Amino acid sequence: MKTAILVTGAMGQIGSELVPALRECYGADNVVASDIRMPAKERQTAGPFEHLDCTKMQQIRDIVRHHRIGTIYHLAALLSATAEEKPQAAWHLNMGGLYRMLEVARQQGCALFFPSSIGAFGPTTPHDNTPQDTIQRPTTMYGVTKVSAELLCDYYARRFGVDARGLRLPGLISHVAPPGGGTTDYAVEIFYQAIRYRHYTCFLKPDTRLDMMYMPDAIRAMIGVMEADPEVLVHRNSFNVTAMSFTPEELAAEIRKHIPDFVIDYEVDPIRQAIADSWPRSMDDGAAREEWGWSPGYDLASMTEDMLNKLGYRLRQTE
Ligand code: AKB
């Protein structure tokens, strides 16, 4: 990548780890973090930061011009459970924000990364080994915005030559920043509760199987797809990527190998359960593997061990 990078939603679960990783790769001064929230003082000094409301075209344009941005990682969005609670707000931010980013990308010649999701699939999609190209009729507002966004990115690529690329990300597990408002959030909360109280009450049923990925793999995938040679990409957007597929009871059993007295029980939230039931149980990520060499580094066992070590250490330092 020749010029600077802008990350929107930089204070969120993904942005909190993507920004430092991009700064490591391309230099701190070349990566501009932005969010509608202001960062804590210590994070403001790590590199350039801009306050940005992604639904305001002029703000985006000013930042892109001022910092000579060449690539935008557009992460700002509402997650699935929040989007189902506030569908109008979800459409406004998820689609309104993306449309304005693509317009600025078109005008200023930027490449754009867009994080789609397993949420782009729905109840009529094949749930096992979900193909790259298949039925996409989601029944959630989150899913509607993700499919629409995939189509809009394809349109801008075909019609205007915007280098728009994306991934269909599974649930992401991280010890750095908590997610907020997602259906797969249980797979992060469980670690906090296991370390603190040896007990977790899960809002999904014990046998709800979903695709998941450890954040270090997700960061590699996001940088990897943007680094890929455009000549060899057939799909561009959005690639299925996955690393593991497990149920709450399987994750609890894995945690119990390290914390033998850990107990899980269940109080099912019907809204999030219905969302989870409409998503794939496991995706086929063969296109990403073939077209740009995607391959995950962490499975359930290695992710669980690393999460317990790193999160346990951090919680002991801060609590
Ligand atoms: C969510 O649960 O909403 C997200 C996702 C899978 O897109 N983590």
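As a starting point, this report considers the structure included with it. (Residues numbered from 1 in each chain as written. Predicted model: local features only at pLDDT ≥ 70, side-chain atom pairs only at ≥ 80, totals over all residues. Heavy atoms only, no water.)

## Things to note about the sheet that holds strand E8 (residues 171-173)
Here's step 1: Spatially, three strands are ordered E8-E10-E12 in an open sheet, and the strand pairing comes out mixed. Looking at strand neighbours, the two that pair on one side only are E8 and strand E12 (244-246), the edges of this open sheet. Pairwise comparison of adjacent strand axes, ignoring direction, gives a mean angle of 40° for this sheet.
Here's step 2: For strand E10 (residues 210-214) and E12, the ladder comprises three bridges, and the chain directions are antiparallel. Among the inter-strand pairings, Leu 210 is bridged to a residue of E12, identified as Phe 246. (Pairing = 2+ DSSP bridges. Helix = DSSP H or I, 4+ residues; strand = E, 2+ residues; numbered from the N terminus. Axes fitted to C-alpha atoms, helices over the stretch in contact; angles between N-to-C directions.)

## With respect to the site of the ligand
Here's step 1: The immediate surroundings of the ligand are formed by Leu 79, Ser 80, Ser 117, Ile 118, Tyr 142, Gly 182, Thr 183, Thr 184 and Trp 279.
Here's step 2: A distance of 2.6 Å is found between an oxygen atom of the ligand and a side-chain nitrogen or oxygen belonging to Ser 80.
Here's step 3: One nitrogen or oxygen atom from the main chain of Thr 183 is found 2.7 Å from an oxygen atom belonging to the ligand.
Here's step 4: Considered on its own, the ligand offers 260 Å² of accessible surface; in the complex 92% of this is hidden by protein.
Here's step 5: A breakdown of the residues in the shell around the ligand according to their chemical character gives four nonpolar, five polar and no charged.
Here's step 6: Each of domain 1 (4-170 + 214-240) and domain 2 (173-211 + 243-282 + 297-318) gives at least three residues to the shell around the ligand. (Near = heavy atom within 4 Å. Polar contact = N/O pair within 3.5 Å; in protein donor to acceptor, adjacent residues only side chain to side chain. Areas by Shrake-Rupley, 256 points an atom, 1.4 Å probe, with all protein chains shown as cover. Nonpolar A, V, L, I, M, F, W, Y, C, P; charged D, E, K, R; others polar. Domains from an automatic or database assignment.)

## Some points on the environment of Ile 255
Here's step 1: Relative to the helices and strands, Ile 255 is located in helix H9 (residues 248-256).
Here's step 2: When the C-alpha atoms of Ile 255 and His 92 are compared, they prove to be 39 Å apart, with 163 residues separating the residues in sequence.
Here's step 3: When sequence neighbours within four positions are dropped, the list of residues in contact with Ile 255 reads Ile 190, Phe 191, Ala 194, Phe 262, Thr 304 and Leu 308. (Contact = heavy atoms within 4.5 Å.)

## As for the pairing of strand E5 (residues 111-117)
Two faces make up the sheet, and in a regular strand the side chains alternate between them.
Here's step 1: With seven of seven residues buried, E5 is to be regarded as a mostly interior element.
Here's step 2: Burial along E5 is two-sided: Ala 111, Phe 113, Pro 115 and Ser 117 facing one way and Leu 112, Phe 114 and Ser 116 facing the other are all buried.
Here's step 3: As judged from the three bridges shared by strand E4 (residues 69-74) and E5, these two strands associate in the parallel manner. Bridge pairing in E5 places Thr 71 opposite Ala 111.
Here's step 4: Sheet topology places E5 next to strand E7 (residues 164-169); six bridges connect them, and they run parallel. The residue of E7 that forms the bridge with Leu 112 is Ala 164. (Buried < 20%, exposed > 50% of the residue type's maximum accessible area, 1.4 Å probe, protein only.)

## A word on the sheet that holds strand E1 (residues 4-8)
Here's step 1: Taken in spatial order, the seven strands make up an open sheet running E3-E2-E1-E4-E5-E7-E11, and their pairing is parallel. Either end of the sheet is taken by a strand with one partner, and the two such strands are strand E3 (49-51) and strand E11 (239-240).
Here's step 2: In the packing of helix H3 (residues 57-66) onto the sheet, the strands contacted are E1, E3 and E4, and the crossing angle to E3 comes to about 160°.
Here's step 3: Lying over the sheet, helix H6 (residues 141-160) contacts E5 and E7, oriented at roughly 150° with respect to E5.

## Quick notes on the pattern of salt bridges
Here's step 1: Taken as a whole, this structure holds 14 salt bridges when the rule is applied.
Here's step 2: With a closest N to O distance of 2.6 Å, Asp 163 and Arg 236 form a salt bridge. On the criterion of sequence distance, the pair formed by Asp 163 in the loop between H6 and E7 and Arg 236 in the loop between helix H8 (215-227) and E11 is long-range, its members being 73 residues apart.
Here's step 3: Of the residues examined, Arg 236 reaches a relative accessible area of 22% and is grouped as partly exposed.
Here's step 4: Across the pair Asp 261 and Arg 198 runs a salt bridge whose closest N-O atoms are separated by 3.4 Å. Here the residue Asp 261 occupies a position in the loop between H9 and strand E13 (263-266), and Arg 198 occupies one in the loop between helix H7 (186-197) and strand E9 (199-202), the gap between them amounting to 63 residues.
Here's step 5: For Arg 198, a relative accessible area of 37% gives the class partly exposed.
Here's step 6: The structure contains a network of salt bridges with shared partners spanning Asp 163, Arg 165 and Arg 236. (Salt bridge = Lys/Arg side-chain N within 4 Å of Asp/Glu carboxyl O.)

## Quick look at the packing of H9 against helix H12 (residues 300-318)
Here's step 1: Between H9 and H12, whose axes approach to 10 Å, the crossing angle comes to 60°. As the angle between them shows, H9 and H12 are arranged oblique. The two elements H9 and H12 cross, and the hand of that crossing is right-handed. Of the residues in H12, those in contact with Glu 250, Leu 251, Glu 254 and Ile 255 of H9 are Leu 300, Ala 301, Met 303, Thr 304 and Leu 308.
Here's step 2: Grouping the constituent residues of the contact of H9 with H12 by class yields six nonpolar, one polar and two charged. (Parallel < 35°, antiparallel > 145°, perpendicular 65-115°, else oblique. Left-handed = near helix turned anticlockwise from the far one by under 90°.)

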